[in-house]
Amino acid sequence: VREDKSHINTLHASSDRLLIGLNNRSLRDSVVVDLAYSSIFGGDEQMNIEDYGTIHRLCGITDTHDLEPIDGRILCSASKSGKVFDLDSGEIVFSGSGWVRGLTSDVNYIYIGESPRASRKKRHGNELSPMVMKIEKHSLAVVGKQKISAGGQLNDLIFLSDDF
């Protein structure tokens, strides 16, 4: 599946399966491997994940981050293109102008992290201010934006319930 063995960029664990997002340094399409828990944690200390899972090749998408279950579907961010899409259908649910990383939701809204496009050095400094976008789930309309001053690059968002 991968001629270039670069890195695992995102994981999502559910009650019965593990999704693993693999990136190829922007050289080839990213893939998501879907593994049933019954195929892993069986005693072997090492395994080739590509031998055990279902492969989702993401045609034309090279930089994925986030695999987030939201209302019965898995959303994935294509950070470099600034898009969030449905893993199974390919439907674009958000299109921004910056790097998109960080994806979570509550009952009514999807929250998406968006950072300005810049060199890695600038993104990892404190000169840039990323934003959290608030998206209404059903209409997919942006209903709010929150700038984070001097935050550099936003990499992850997590929603914690009140009973956490």
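Check the entry above for the structure.
Residues numbered from 1 in each chain as written. Predicted model: local features only at pLDDT ≥ 70, side-chain atom pairs only at ≥ 80, totals over all residues. Heavy atoms only, no water.

A.B. asks: Please clarify how the sheet that holds strand β12 (residues 142-147) should be interpreted in this entry.
C.D. replies: Across a sheet, strands are paired by hydrogen bonds formed along the backbone, either parallel or antiparallel in direction. Taken together, the four strands give an open sheet; going across it, the order is β9-β10-β11-β12, and neighbouring strands pair in antiparallel fashion. Only two strands of the sheet have a single partner each, and these edge strands are β9 (99-105) and β12. For this sheet, the mean inter-axis angle between neighbouring strands, taken without regard to orientation, is 20°. Inspection of the sheet shows β9 paired to strand β10 (residues 109-115) by five bridges, in the antiparallel sense. (Pairing = 2+ DSSP bridges. Helix = DSSP H or I, 4+ residues; strand = E, 2+ residues; numbered from the N terminus. Axes fitted to C-alpha atoms, helices over the stretch in contact; angles between N-to-C directions.)

A.B. asks: Looking at this structure, how should I read the environment of K83?
C.D. replies: Structurally, K83 is set in strand β7 (residues 83-86). Take K83: its relative accessible area is 28%, and that puts it in the partly exposed class. Here the alpha-carbon distance between K83 and E114, two residues 31 residues apart in the chain, equals 9.8 Å. Once residues lying within four places of it in the same chain are set aside, the contact partners of K83 are C76, S77, A78, I92, F94, S95 and V100. (Buried < 20%, exposed > 50% of the residue type's maximum accessible area, 1.4 Å probe, protein only. Contact = heavy atoms within 4.5 Å.)

A.B. asks: Would you mind showing me how to read the pairing of β7 here?
C.D. replies: Both faces of the sheet carry side chains from a regular strand, because those side chains alternate between them. The sheet contact formed by strand β6 (residues 73-78) and β7 spans four bridges and is antiparallel. Each bridged residue has a counterpart across the sheet, and for S77 the counterpart in β7 is V84. The sheet contact formed by β7 and strand β8 (residues 92-95) spans three bridges and is antiparallel. From the neighbouring strand, V84 faces β8, where its bridge partner is F94. Between β7 and β8, which pair antiparallel and follow one another directly, the connecting turn spans five residues, one of which, G90, has a positive phi of 85°.

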